[in-house]
Amino acid sequence: MTKATHTLSPRAWQRMLSGRRLDLLDPSPLDIEIEDIAHGLARVARWNGQTAGPHIFSVAQHCLLVEAMARARVPRLDRSRRLAVLLHDAPEYVIGDMISPFKAVIGDAYKLVERRLLSAIHRRFGLPATSAPELEALIKAADRAAAYLEATRLAGFDAKEAQRFFGRPSKVSAALERDYLRPWPADTAQARYLERFNKLLGKGD
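Now for a description of the structure that goes with this document. (Residues numbered from 1 in each chain as written. Predicted model: local features only at pLDDT ≥ 70, side-chain atom pairs only at ≥ 80, totals over all residues. Heavy atoms only, no water.)

1. What about the overall build of the protein?
Logical step 1: Of the regular secondary structure elements, the protein holds ten helices and two strands.
Logical step 2: Taken from N to C terminus, the helices and strands of the protein fall in the order β-β-α-α-α-α-α-α-α-α-α-α.
Logical step 3: Residues counted as buried form 44% of the 205 residues belonging to the protein.
Logical step 4: In the protein, the share of contacts with a sequence separation of at least 24, taken over all contacts with a separation of at least 6, comes to 65%.
Logical step 5: With the model as given, the accessible surface of the protein reaches about 11700 Å², and the carbon-plus-sulfur share is 53%. (Helix = DSSP H or I, 4+ residues; strand = E, 2+ residues; numbered from the N terminus. Buried < 20%, exposed > 50% of the residue type's maximum accessible area, 1.4 Å probe, protein only. Contact = heavy atoms within 4.5 Å. Areas by Shrake-Rupley, 256 points an atom, 1.4 Å probe, with all protein chains shown as cover.)

2. Regarding the nonpolar core
Logical step 1: Counting residues in hydrophobic clusters, the biggest one holds 53 residues, and the most contacted among them are Ile37, Leu87, Tyr93 and Tyr193.
Logical step 2: Within the residue set of this core, elements represented by two or more residues are helix H1 (34–41), helix H2 (59–73), helix H3 (79–86), helix H4 (92–95), helix H6 (108–124), helix H7 (133–153), helix H9 (174–180) and helix H10 (186–200).
Logical step 3: Per-element accounting of this core gives the leading share, nine residues, to H2.
Logical step 4: Those residues in contact with Ile37 that sit more than four places away from it in its chain are Ile32, Ala90, Tyr93, Ile121, Phe125 and Tyr193.
Logical step 5: In terms of nonpolar packing, the next biggest core, distinct from the first, is built from seven residues, Trp47, Tyr148, Ala162 and Phe166 among them. (Core = buried A, V, L, I, M, F, W, Y, C linked by side-chain atoms within 4.5 Å.)

3. Regarding unusual backbone geometry
Logical step 1: Here Trp47, not a glycine, exhibits a phi torsion of approximately 60°, which is positive.
Logical step 2: Structurally, Trp47 is set in the loop between H1 and H2.
Logical step 3: Trp47 gets classed as buried once you look at its relative accessible area, which sits at 17%.
Logical step 4: The phi angle at Asn48 is positive, at roughly 55°, despite the residue not being glycine.

4. Points about the packing of aromatic side chains
For any pair of aromatic rings, the description consists of the separation of the ring centres together with the inter-plane angle of the planes.
Logical step 1: On inspection of all chains with the given rule, the structure shows seven aromatic pairs.
Logical step 2: Consider the rings of Phe125 and Phe197, whose centres lie 4.9 Å apart with planes at 70°: the pair is edge-to-face. Of this pair, Phe125 sits in the loop between H6 and H7 while Phe197 sits in helix H10, and the two are 72 residues apart along the sequence.
Logical step 3: On the basis of relative accessible area, Phe125 is assigned to the buried category, the value being 11%.
Logical step 4: Owing to a relative accessible area of 1%, Phe197 belongs among the buried residues under this scheme.
Logical step 5: Aromatic side chains Phe157 and Phe165 sit 6.5 Å apart centroid to centroid with 85° between the ring planes, which places their arrangement in the edge-to-face category.
Logical step 6: Residue Phe157 is classed as partly exposed on the basis of its relative accessible area of 22%.
Logical step 7: The class of Phe165 is partly exposed, set by a relative accessible area of 42%. (Phe/Tyr/Trp six-rings, centres within 6.5 Å; stacked < 30°, edge-to-face > 60°.)

5. Comments concerning H7
Logical step 1: Under the 1.5 Å per step criterion, the end-to-end length of H7 is 30 Å for 21 residues, consistent within 8% with the ideal 30 Å.
Logical step 2: Among all positions of H7, only Leu135, Leu138, Ile139, Ala142, Ala145, Ala146, Ala147, Tyr148, Leu149, Glu150 and Ala151 are buried.
Logical step 3: Taken together, the buried residues of H7 touch H2, H3, helix H8 (159–166) and H9. (Expected span 1.5 Å × (residues − 1).)

6. Section: the environment of Pro27
Logical step 1: Within the secondary structure, Pro27 is located in the loop between strand E2 (21–23) and H1.
Logical step 2: Residue class for Pro27 comes out buried when judged on its relative accessible area of 8%.
Logical step 3: As for Pro27 and Trp13, which are separated by 14 residues in sequence, their C-alpha atoms are 8.8 Å apart.
Logical step 4: Beyond its immediate sequence surroundings of up to four residues, Pro27 is in contact with Leu22, Arg116, Leu117, Ala120 and Arg123.

7. Focus: the environment of Ala60
Logical step 1: With respect to the helices, strands and loops of the structure, Ala60 is situated in helix H2.
Logical step 2: In this structure, the C-alpha to C-alpha distance between Ala60 and Tyr93, residues 33 residues apart in sequence, is 9.2 Å.
Logical step 3: Setting aside chain neighbours within four positions, we find Ala60 in contact with Leu41, Ala42, Ala189 and Tyr193.

As structure tokens, then:
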């Protein structure tokens, strides 16, 4: 007699510290907690960790920088749209921050998972499943402007090279650079992300 072979189906869910299990293929808003997002994003490195300083430059800190730059571009942007900006890279708490060249290699599979996760995250926090085109354009512009700053201040790019990949640089205040372009410890990034989220949700007033 031959022994029966059992094929284990691949695990498609991520267990969170909150105890939630988030299905990557069919994510439910009910399995999403902001504490898990903040914890994860504060420990995911931008630029594959190839940045100057004793700490990683985290996705949480990047999201806060992008939200600050979006506010600078559109000062009257309402809270719900600012919240969407803050959450624009939230799926990376599950799937990590993949650098753009590798995303191009993988193609649509990564983008599909990312879109499903972002839609579930939006619904969890009372936002439209997909953002309006003008908001998407603002997020993209602020994201590229933040990437230029990160590239030139932290990741070793020269200005000409960064401009080729991320476009012309935006003018930013010295205070913004001092605050957002010095990598924070993970616990600081986590706390500041949560604080900003709660304020935009109306819990910090």
